[in-house]
Amino acid sequence: MYSLMNEVVHTSPTIGSNVEEVTWKNIHFLMWDIGGQDSLRTAWSTYYAGTQFIILVIDSTDRERLHISKAELYQMLANEDLRHAAVLLYANKQDLKGSMSSAEISQQLNLTSVKDHAWHIQACCALTGEGLYQGLEWIANQIRR
Ligand SMILES: Nc1nc2c(ncn2[C@@H]2O[C@H](COP(=O)(O)OP(=O)(O)OP(=O)(O)O)[C@@H](O)[C@H]2O)c(=O)[nH]1
Ligand SMILES: [Mg+2]
């Protein structure tokens, strides 16, 4: 989120949430950045009402914990408040060697089985910003549909 805003990116974990307004291509985003730590995830559902897009940032180097992202993803998709939400998954940290490709993550998460929500997976590197706008482009196209 802060890379998109050309701000200094903080490297400390998000505690609670941060909300920012980002305007891009005439689209006004109200983005909530919600902390992903274990203890914070139980509070995620309090943010769901009215959400149009979920952006799930995956650490593509973390093979051991991908199953956690998978479980959280499917829990979100099953939540009534998110029934109309579309999902953008960022396969982040593509700059690091040994990182999983977006295709590999897609397969591990069994994304092709997701039929009741629009979804898209985008390889990216938050440090350089590579891929971030391609992800937003997909969101923009979803809005224009
Ligand atoms: N090499 C590399 N490091 C990254 C990239 N994106 C994030 N990081 C690093 O990963 C660490 C965690 O980044 P955060 O932005 O705090 O991660 P987060 O997902 O917001 O974590 P929570 O706030 O706890 O949910 C930091 O040290 C970042 O610098 C990337 O694309 N490449
Ligand atoms: Mg954070």
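Quick caveat: nothing in here was measured; it's all calculated off a predicted structure.

S.K.: Got a minute to help me understand the UniProt feature "binding site: GTP" (unreviewed entry) in the protein in this structure?
M.R.: As annotated by UniProt and renumbered to match this structure, "binding site: GTP" (unreviewed entry) occupies G36, N92, K93, Q94 and D95. Mapped onto the elements, N92 comes out in strand 4 (residues 86–92). Every residue in contact with N92, bar those within four places of it in the chain, is listed here: V57, I58, D59, S60, C124, C125 and A126. Within the element layout of this structure, D95 appears in the loop between strand 4 and helix 2 (102–108).

S.K.: Explain helix 3 (residues 132–144) here, please?
M.R.: An α-helix turns once per 3.6 residues; consequently, residues spaced three or four apart project the same way. Spanning 13 residues, helix 3 covers 19 Å between terminal C-alpha atoms, matching the ideal 18 Å at 1.5 Å per step. Listed as buried for helix 3 are G135, L136 and I139. The arc enclosing the buried residues of helix 3, seen along the axis, measures out at 95°, which places them on a common side. Those residues of helix 3 that are exposed and angled more than 90 degrees off the buried face are N141 and R144.

S.K.: How should I be thinking about the UniProt feature "binding site: Mg(2+)" (unreviewed entry) in the protein in this particular structure?
M.R.: Following the UniProt record, the feature "binding site: Mg(2+)" (unreviewed entry) maps to T14 here. Within the secondary structure, T14 is located in the segment before strand 1 (17–24). According to the C-beta neighbour criterion, T14 is partly exposed, with 14 such atoms within 10 Å. With residues near it in sequence (within four places) discarded, T14 still touches D33, I34 and G35.

S.K.: Is there a simple way to think about the confidence of the model for the protein in this case?
M.R.: Any region with low pLDDT has predicted coordinates that should not be read closely. Averaged over all residues, the pLDDT of the protein equals 95, while 100% of them reach at least 70. Two summary scores accompany this predicted model of the complex, namely pTM at 0.96 and ipTM at 0.98.

S.K.: I tried to follow the environment of Q52 on my own but got confused; where do I start?
M.R.: With respect to the secondary-structure elements, Q52 resides in the loop between strand 2 (27–34) and strand 3 (53–59). When the 13 C-beta atoms within 10 Å are taken as the criterion, Q52 is described as partly exposed. Along the sequence, Q52 and A86 sit 34 residues apart, while their C-alpha atoms lie 6.4 Å from each other.

S.K.: What is the right way to read the sheet that holds strand 4 from this model?
M.R.: Hydrogen bonds between backbone groups are what pair the strands of a sheet, and the pairing can be parallel or antiparallel. In space, the three strands of this open sheet follow the order 3-4-5, with parallel pairing throughout. Each edge of the open sheet is held by one strand with a lone partner, namely strand 3 and strand 5 (119–123). Neighbour-to-neighbour, the strand axes of the sheet open up by a mean angle of 20°, direction not taken into account. Relative to strand 4, strand 3 runs parallel, the two sharing seven bridges. Among the inter-strand pairings, V57 is bridged to a residue of strand 4, identified as Y90.

Rules of the game
The residue count restarts for each chain, going from 1 along the sequence in the order it is written. Note on labels: chains are lettered from A, ligands numbered from 1, in written order. Totals for whole chains, interfaces and linings use all residues, but because this is a predicted model, local features are given only for residues with pLDDT of at least 70 and pairs of side-chain atoms are given and counted only at 80 or more. UniProt positions are given in the numbering used here, feature names are shortened, and annotations may be inferred rather than shown by experiment. Secondary structure elements follow DSSP: runs of H or I of four or more residues count as helices, runs of E of two or more count as strands, with numbering from the N terminus. Residues are scored as being in contact if the C-beta atoms we place from backbone atoms lie within 7 Å. A helix is expected to span 1.5 Å for every residue after the first. Think of it as a crowd count around each C-beta: if 20 or more other C-beta atoms lie within 10 Å the residue is buried, if 12 or fewer it is exposed, and in between it is partly exposed, with C-beta placed from the backbone throughout. Directions pointing from the helix axis toward each C-beta atom define the arc. Residue-level confidence of the predictor is what pLDDT reports, using numbers from 0 through 100. Two strands pair under a simple rule: DSSP has to find at least two bridges between them. Every axis corresponds to a line fitted to the C-alpha atoms, with the helix fit spanning only the stretch in contact, and the corresponding angles, defined between N-to-C directions, vary from 0 to 180 degrees.

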